[in-house]
Structure formats: structure tokens, C-alpha cells
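Structure at a glance
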Amino acid sequence: MTTLDAIARTTGTFAMVAMDQRESLRHMFDAAGRGRPDDDVLIGFKTDVATELGPSASGFLIDRHYGFDSIREIVPTTTGLILAADALTQDAGGPVEETTIDDVVARHPLDGVSAVKLLIIWRRDEHREERVALAERFIALARDRGVLSVLEPVVRAAPGEGEWDMDAAIREAARELASLHPDLYKAQVPLAGTGDERAQREASAALNDCMTGPWVVLSQGVAQSRFEDAVRAACMEGASGFLAGRALWSDLVGTENVRAGLRERALPRLESLIRTVDAVARPWRDA
């Protein structure tokens, strides 16, 4: 039986790299002044990240659209491969508005894949129950395919919603969706990482109280300089690690020598984060 050891470190903690961005990555190149790149530019960047960071990561998340087959060969067998199973509704340059399960991934041969991941845009709107049902279908699909399920809710205000407390929404989403028992829950960082150590720990403890199993944090929306402190606070209060992309490599998008930048800047960040989770994160079997 596949367990979370397939995407965890020997310590039972998680230090995973996310490289499944699609339209969002194309927009990052545009914002960096490189224009909207062709597909081969995205594939090249993802391949570089897999080559330089994959061997140090406990898990590596990739989409099927840009370089999956070659990256499956690049990432070592000691790094669990995670395949994004989400089909995204997203305008050029805009945020993801909705998701569903990618029918191609649902039928795709999963040779070498340890886990599948589903992003869910969580809102307090009329589609809330449909998204719960979507999460249930995804978890069942992963189980039937013999791979792990990684569920990633990202909260947004519903149109017309008045008072909006993002942290309250993150906790509410966790109470609703972690109770479905995905193998791993991927949560937004409390306070977007802006609090001091005490505030981050208190907010992380409140989020941990909403969980029913192991969880990790993502890095979207957190300043790169604040991410490691936020990871430390979350792990000290019950998280088991991270699954992050932008905090590791976002400042290298559009640069001339990506591989050198990954070795000189991104890899040391990853290694420092690994030391942090090994020191203070909760092993997944203890969650």
C-alpha cells in the first residue's frame, strides 16, 4: 500500500517543490518583461527546476501539459512525483477562477506517479456543496488509482461578500474539506506570513485545530523573505512541512541563466527549509 512515505523525507516530514503552474507561470514571464512565452520556454524552465531542485526535494509537483514525460525521467526515484489533476478555468493573466478534475489525468497511465493533486477555489457561494462533492470524487479517484491524494483549497471572497477575513476562511475551508480525509492537505499560510513569531504560531495553531490529518503549507501570497519563518511557525504548531514553488524560484523567472540561479539561490533556500522542517515539523505518522 502506498503511504505518505512516498513523498516524505526519511524524517516523515515534507519538503516538496511545486512546478505545476501553467498560465500563471506564463504571466510571470510577461511580468518580468520577457513577454508571453511559447510552450517550450515554460517546459525549459520547469525542466531546469526539476534538474536542480528535484534531487533534494521529497516530492515534486508537475502538470501534464508542460514537460511531464521528460520531468518524470529527470526526477530521481527518491523524490516522489506528484501529478496535478486539476483542469483550470483561468483567463490569460488572471487568477484561477474554478477547477475540476482533468479527464485526461483521470485516465492517464500513472506509472512512476506517487500522488495526484487537486486545487479547489473555495468560496462561500452557491457552488460550495458542489466543490465538496468534487473533493470527494478526487479523493476516491486517487484511492481507486492506487496513488495518494493531495488536496489544495485556496480561499477567495464570493462576489458581493461583505466582511472578508481570509484567515477565518482558511480555517473554515479546512474544517469542511480536511474532514474528507485526503492523504495530505495543502493549506495557505496563516496571516500570509506577515505576523511576528507569536502571531504566526497562534494563527498556525488555530489552523491546526481544524485539521484531521497531516498538512503542509504552500507559498503563494507569501513574500519570499517571509516564507521560511512562516513554515517554521506552522511546523511548530502541527504542520508537517511545505509544498512550495514561488518561494523557491519566482525571482528566477525570465533571467538569463536559470540553472546557475537555481544552484546559487533557489537550492540554498530549499536546503535551509529542509533543515527547518527536519528540526521542528511534525512527522506525518504523528498527525
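A brief structural summary. (Residues numbered from 1 in each chain as written. Predicted model: local features only at pLDDT ≥ 70, side-chain atom pairs only at ≥ 80, totals over all residues. Heavy atoms only, no water.)

Describing empty space enclosed by the protein
- Overall, the coordinates contain two cavities of 30 Å³ or more when judged by the stated rule.
- Computed from the structure, the largest cavity encloses a volume of approximately 40 Å³.
- In this structure, the largest cavity is lined by A85, V105, A106, L110, V116, L141 and R145.
- Elements supplying a minimum of two residues to the lining of the largest cavity: helix 4 (103–107) and helix 5 (128–145).
- Looking at side-chain class alone, the lining of the largest cavity contains six nonpolar, no polar and one charged residues.
- Around the second largest cavity sit P153, V155, I170, A173, Y185, K186, A187 and Q188, which together line it.
- Secondary structure elements with two or more residues in the lining of the second largest cavity: strand 7 (148–155), helix 6 (166–177) and strand 8 (184–187).
- In terms of residues, the lining of the second largest cavity owes the most to one element, strand 8, which gives three residues.
- Its residues placed into classes, the lining of the second largest cavity shows six nonpolar, one polar and one charged. (1 Å grid on protein atoms, 1.4 Å probe; cavity = no way out; pocket = protein on both sides within 12 Å on 5 of 7 lines; lining within 4 Å. Points joined across faces, edges and corners; volume = space filled by probe spheres on them. Helix = DSSP H or I, 4+ residues; strand = E, 2+ residues; numbered from the N terminus. Nonpolar A, V, L, I, M, F, W, Y, C, P; charged D, E, K, R; others polar.)

A short note on the nonpolar core
- Judged by nonpolar contacts, the single largest core of 76 residues is most densely connected at F227, F242 and W249.
- Of the residues forming this core, the biggest block, eight residues, is contributed by helix 10 (residues 258–280).
- Not counting the four nearest positions on each side in its chain, F227 is found in contact with V189, V217, L218, S219, V222, F242, A244, A247 and L273. (Core = buried A, V, L, I, M, F, W, Y, C linked by side-chain atoms within 4.5 Å. Buried < 20%, exposed > 50% of the residue type's maximum accessible area, 1.4 Å probe, protein only. Contact = heavy atoms within 4.5 Å.)

Concerning helix 7 (residues 197–208)
- Over its twelve residues, helix 7 extends 16 Å from the first C-alpha to the last, a length consistent with the 16 Å expected when each residue adds 1.5 Å.
- Three or more residues of helix 7 are buried, namely Q200, A203, S204, L207 and N208. The buried residues of helix 7 occupy an angular sector of 140 degrees when projected down its axis, which confines them to one face.
- The secondary structure elements touched by the buried residues of helix 7 are helix 6, strand 8, strand 9 (215–217) and helix 8 (227–236). (Expected span 1.5 Å × (residues − 1). Arc of directions from axis to C-beta.)

Regarding the pairing of strand 8
- Along strand 8, one buried face is formed by L184 and K186 and the opposite face, lined by Y185 and A187, is buried too.
- In this structure, strand 7 lies alongside strand 8, joined through two bridges in parallel fashion. Its bridge partner being in strand 8, L151 is matched across the sheet by Y185.
- The β-α-β motif built from strand 7, the intervening helix 6 and the parallel element strand 8 has right-handed crossover chirality.
- Examined bridge by bridge, strand 8 and strand 9 share three bridges and lie parallel to one another. For K186, the partnering residue across the bridge sits in strand 9 and is V216.
- Once you follow strand 8 into helix 7 and on to strand 9, the crossover reads as right-handed. (Pairing = 2+ DSSP bridges. Right-handed = clockwise from strand over helix to strand, strands pointing away.)

Thoughts on the pattern of salt bridges
- Across all of its chains, the model carries 32 salt bridges by this definition.
- Across the pair R34 and E256 runs a salt bridge whose closest N-O atoms are separated by 3.9 Å. With R34 in helix 1 (residues 23–34) and E256 in the loop between helix 9 (246–249) and helix 10, this pair connects stretches of sequence that are 222 residues apart.
- Under the relative-accessibility criterion, R34 is labelled partly exposed at 45%.
- E97 is the partner of R123 in a salt bridge, and the nearest nitrogen-oxygen pair spans 2.9 Å. Pair noted here: R123 is in the loop between strand 6 (113–122) and helix 5 and E97 is in strand 5 (residues 96–101), with a separation of 26 residues, a long-range link.
- E97 sits in the partly exposed class, given a relative accessible area of 36%.
- One connected set of salt bridges, linked through shared partners, spans D20, R22, D86, K117, E152 and K186. (Salt bridge = Lys/Arg side-chain N within 4 Å of Asp/Glu carboxyl O.)

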